[in-house]
Each structure stands twice: as structure tokens, then as C-alpha cells.
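Listed below, chain by chain, are the residues.
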Amino acid sequence: MDLPPRLDPSALKSSLFASPDARRAHAERTRLPKGHLSPETGRDQDVYVANQGSSPMDGSTLQAVDLQSGRQRWEAHLVSDLIVSPVPSADKSTVWASGEAVIGAFSADSGEPRGTWGTGTRKCLNPVPLEEDRVVLSDWKDGFLAVLEPGRAQPVWETRVGPVYGDPVAAPGRVLASVYNGWQADAGGVVVALDARTGEPVWRHESSSPVHTSPAVAQDGTVVVAGDHGQMTALDPDSGRTLWQVQFGGRPAAPPTFSPDGERLYLADRSGSLVALDADTGNLEWKMQAPSGLTQAPAVAADGTLCQLAEGPQALLVDPEKGTLTAQVDLEGVLVTRPIPLPDGSFLVRSAAGESWRVSAPPDLKPGSEPPALQPSPEIRVGEAEVSIGGVTLPRR
């Protein structure tokens, strides 16, 4: 008779769900200090890490750290407990940090302060980069949007739109936000577009499905909104008019994500499905079922490779053309932020405890390489007194 193959317990969870062709991705623990990590890299591939002091009176520290070596370039201080990750500006000249009572702007070159703004009783969320060194902030409690600029004591503009779900989004000449529309069961979703220079309303889109994630913006400015009832809607950037609408499945886990060329749209839902749609028509291109629920948007490398985080906790690398799982790796803790794509095709992944890893595909699966040929399983022969496996003979007990 044939003996069953020996199971690897460490791979059992993955083998139950993953594609049989999936390989083990490489995960290298970084030398970055623990703390709130910036959602993207800044100048010279620096990352920015913020940490709270031991007491509220201590405020917080902000560090610029070289991604390759883990060496600190500079350290700055913010007289407030930081509540979100620091964010580099669009032109990479400034690092913004949002605290309980203060918003701070710092030089990306030296860490020198470029301005602070008191928030009063407001609870400000992530600063979102606009053009140059400006950012837009949202406030859930009072429903304000405000644009800040280094060197200006007062906001460039400020307006009340209602409590904002997720983060506001920058689009060419626009600021977009998904807005609270009441607690009623039949309350639909609202997306507003404001003029980025003045804060004046441009258009307002209402849908039958509640919207609890940020909109996404294509290279040509097209706005895409994912509703809780499984609707995906594309809107004209100038008028808010519906261009197309499709039903994709479950409740979205995060905002949609565009491919680097803008031709494909990805969406992860809470049931573990990852779908790819044609960005021009909304037609389904492929659908993949992940090993467990998804809570973050996928990140996309310059070559198109996707990195999707699953609740396992796992990092999954997905072929963008076929929607197949090509590699995966088990990590530790709760993975709280979207992976950060790096120039070499790898991804930076962080846990809630502040641990971080650099995740990459096996060298033979990187673009331009051919996958290795599958090796045949060793021959197994079972006799009355001995067992031979791949030419190695062992006595039976």
C-alpha cells in the first residue's frame, strides 16, 4: 500500500485555502523602530515613525528613519499624543503629524517645525496630502474639512460637510469625502466634491447603498465609490454623474484600488473575496477567495503585483492578470495598515504592535523569471520489513 504524505503543521492552515501552486513568500523583519508608521515613503526612501511618550505630558516623538539601514536621520517632538500615523506631503518636502490637540508640520530634510495648529475639541483624522505641501484634514465629531499649509497660521479654508467616513481624498482640483447620512436602516450614501482651492461645493452624489469607505480616484479623475450593499459606482469627476454601476458582492473592507496603468480596479470585501474590474466598464475580470477575511485595501507594486493582507494574519501576493495566489507568508499580530509598495517590488507590512516586515516574492517568481519545474514526488515502496522513500530504506517497526 502507499503511505500518505507527511503533513507540515505550519503549512496546514494555508493549504486548506490557498492555490496549490502558491509558494512561500519571503518576509524579513525590518530594523525600523516600533510605532505609528507613515503610509508611504518620503525623500530618499525614508519612512516616518511616531511614538507617544510615557505620559500625556511627554507629548510624542517623530523620527525619520532610513528604510534600508534602520538608521535615524532626525527626531522631532510634538506637544501632543499622536493618534494616527505621520504622512509625507505630495512634494515630499514636509511631514505632517496629527495629535490629540495639535497638528504639526515638519521639514522632511531636518525635522525642523514648519507650523503647528491647535485642534481644540475636534478629533482630527489622518492628514491627506493635496498638491505641493498642503494637506486636508477631516473631523468626525463636528464634520469639518480643513486645508492647512505650512507657514499659515489659519487654515486655507474650512467648511462643514458632516461626519466623514474614512479619509477625504485628493483628486485633480477636488477634495472628495464620503459623508454620514443618518442612522436609519434605509439611509443611503453621500459623496461630496469640493473645490480644492476654495472649499466651495462642486457636486453631491447620493446612492441607495450606505458608503463607509473613502472614494477612489483614477488617473483621469474618474471617481469610484464602493457601497455597503455590494454596489460599485463610477462617477464623472466634473459633475458627479454616474458613468457605470455594478454589483460586486459583499461589504467592502476598504476603498477600491487602481492598477498603476489605471486600467484595472481592485476591491477586497470582508468575506475574503478580492475582485478585479475593468476600470472603464466595471466588467468583472477575475475573483479570488482569500484564506480569511480581508480588512485592508490591496497594495500594488510598480510591476502590477498585488499584496493583500488577510486576517490569518497573512500577506498574500496575487498575480494581477489571472487573480491567482502566487505566494503567501504567515506573519504575527494584527495587521492594521495597507502594505507600502517599495521601489524594488517588495512591500512593507506593519502590525498593531509596531512590528514590521519586508515581504517579497521568491526570486524565481519575480517579473522576468520562469517558475521552477515541479519536482516529482519521491517514490515510496512498502515491504513487510522495510519502507523505501526516494531510495532511502528504513526498517518498519
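Since the model is a prediction, treat every value here as computed from it, not as a measurement. (Residues numbered from 1 in each chain as written. Predicted model: local features only at pLDDT ≥ 70, side-chain atom pairs only at ≥ 80, totals over all residues. Heavy atoms only, no water.)

1. Re the overall build of the protein
A count of helices and strands for the protein gives 1 helix and 36 strands. Burial analysis of the protein (397 residues in total) assigns 50% to the buried set. For the protein, contacts bridging at least 24 residues in sequence account for 41% of all contacts bridging at least 6. (Helix = DSSP H or I, 4+ residues; strand = E, 2+ residues; numbered from the N terminus. Buried < 20%, exposed > 50% of the residue type's maximum accessible area, 1.4 Å probe, protein only. Contact = heavy atoms within 4.5 Å.)

2. Considering the side chain of Asp133
For Asp133, the position within the fold is in the loop between strand 11 (128-129) and strand 12 (135-138). For Asp133, a relative accessible area of 12% puts it in the buried group. A distance of 3.5 Å separates the side chain of Asp133 from the side chain of Arg114, its partner in a polar contact. Look past the residues within four positions of Asp133 in its chain and what remains in contact with it is Ser89, Asp91, Ser93, Thr94, Trp96, Arg114, Glu149 and Pro150. (Polar contact = N/O pair within 3.5 Å; in protein donor to acceptor, adjacent residues only side chain to side chain.)

3. Examining the environment of Leu331
Residue position: Leu331 is located in the loop between strand 30 (325-330) and strand 31 (340-341). A relative accessible area of 10% means that Leu331 is categorised as buried. In this structure, the C-alpha to C-alpha distance between Leu331 and Leu309, residues 22 residues apart in sequence, is 9.9 Å. The contact partners of Leu331, leaving out residues within four places of it in the chain, are Ala27, Pro313, Ala315, Val349 and Trp357.

4. A look at empty space enclosed by the protein
To find leftover empty space, a probe the size of one water molecule is rolled over the atoms. Inspection of every chain in the model, using the stated rule, returns 2 cavities of 30 Å³ or more. Taken as a whole, the largest cavity holds about 50 Å³ of empty space. In this structure, the largest cavity is lined by Val191, His205, Ser207, Ser209, Val211, Val225, Gly227, Gln231 and Thr233. Only strand 18 (201-207) and strand 21 (231-235) provide two or more residues apiece to the lining of the largest cavity. When the residues that make up the lining of the largest cavity are grouped by side-chain class, the tally is 3 nonpolar, 6 polar and no charged. Of the pockets and cavities examined, the second largest cavity occupies roughly 30 Å³. Lining the second largest cavity are Phe248, Gly249, Leu267, Ala268, Asp269, Ser273, Val275 and Lys287. When contributions to the lining of the second largest cavity are tallied by element, the ones reaching two or more residues are strand 24 (264-268) and strand 25 (273-278). When grouped by side-chain class, the residues that make up the lining of the second largest cavity number 4 nonpolar, 2 polar and 2 charged. (1 Å grid on protein atoms, 1.4 Å probe; cavity = no way out; pocket = protein on both sides within 12 Å on 5 of 7 lines; lining within 4 Å. Points joined across faces, edges and corners; volume = space filled by probe spheres on them. Nonpolar A, V, L, I, M, F, W, Y, C, P; charged D, E, K, R; others polar.)

5. Overview of the confidence of the model for the protein
Model confidence for the protein is summarised by a mean pLDDT of 83, while 84% of its residues fall at 70 or above. Predicted confidence for residues 1-20 stays below pLDDT 50, and this span has 18 contacts to residues more than four positions away or in other chains. In the predicted structure, residues 368-375 sits below a pLDDT of 50 and forms 7 contacts with residues beyond four places in sequence or in another chain. (pLDDT = per-residue confidence, 0-100.)

6. Things to note about the pattern of salt bridges
Inspection of the entire model under this criterion finds 17 salt bridges. When the shortest N-O distance is used, the salt bridge between Arg134 and Glu149 registers 2.7 Å. You can see Arg134 sitting in the loop between strand 11 and strand 12 and its partner Glu149 sitting in the loop between strand 13 (144-148) and strand 14 (157-160), a full 15 residues away along the chain. For the residue pair Arg134 and Glu149, the accessibility class agrees, reading buried in each case. Through salt bridges with shared partners, a single ionic network connects Arg29, Lys34, Glu332 and Glu355. (Salt bridge = Lys/Arg side-chain N within 4 Å of Asp/Glu carboxyl O.)

7. With respect to the environment of Pro88
For Pro88, the location among the structural elements is in strand 7 (residues 87-88). Residue classification places Pro88 among the buried positions, given a relative accessible area of 1%. Sequence separation between Pro88 and Asp46 is 42 residues; the distance between their C-alpha atoms is 9.8 Å. Residues in contact with Pro88, not counting those within four places in the same chain, are Ser38, Glu40, Thr41, Gly42, Tyr48, Thr94, Val95 and Pro129.

8. Focus: the sheet that holds strand 16 (residues 174-179)
Strand order across the open sheet formed by 4 strands is 15-16-17-18, with antiparallel pairing between neighbours. Of all strands in the sheet, those bounded by a partner on one side alone are strand 15 (164-171) and strand 18. Here the strands of the sheet are splayed against their neighbours by 15° on average, with no regard to which way each runs. As paired strands, strand 17 (residues 189-195) and strand 18 are joined by 6 bridges and run antiparallel to one another. Within the sheet, the bridge partner assigned to Gly189 lies in strand 18 and is Ser207. (Pairing = 2+ DSSP bridges. Axes fitted to C-alpha atoms, helices over the stretch in contact; angles between N-to-C directions.)

9. Quick look at the sheet that holds strand 3 (residues 36-37)
Strand order in the open sheet formed by 4 strands is 3-4-5-6, with antiparallel pairing between adjacent strands. At either end of the open sheet lies a strand with only one pairing partner, and these are strand 3 and strand 6 (72-78). Summarising the sheet, strand 4 (residues 46-52) and strand 5 (residues 60-66) pair through 7 bridges and their orientation is antiparallel. Bridge pairing in strand 5 places Ala50 opposite Leu62.

10. Examining the pairing of strand 29 (residues 314-318)
Here strand 29 lies mainly inside the structure; 5 of its 5 residues are buried. Alternating residues of strand 29 divide into Gln314, Leu316 and Val318 and Ala315 and Leu317, and every residue in both groups is buried. Note: strand 28 (residues 306-310) against strand 29, 5 bridges, orientation antiparallel. Note on strand 29: the bridge partner recorded for Leu309 is Ala315. The antiparallel pairing of strand 28 with strand 29 creates a hairpin that spans 3 residues between the two strands. As defined by bridge partners, strand 29 adjoins strand 30 across 5 bridges and the pair is classed as antiparallel. Within strand 30, the residue paired with Gln314 across the bridge is Asp330. Where strand 29 folds back onto strand 30 in an antiparallel hairpin, the turn is made up of 6 residues, including Gly323, whose phi is positive at roughly 70°.

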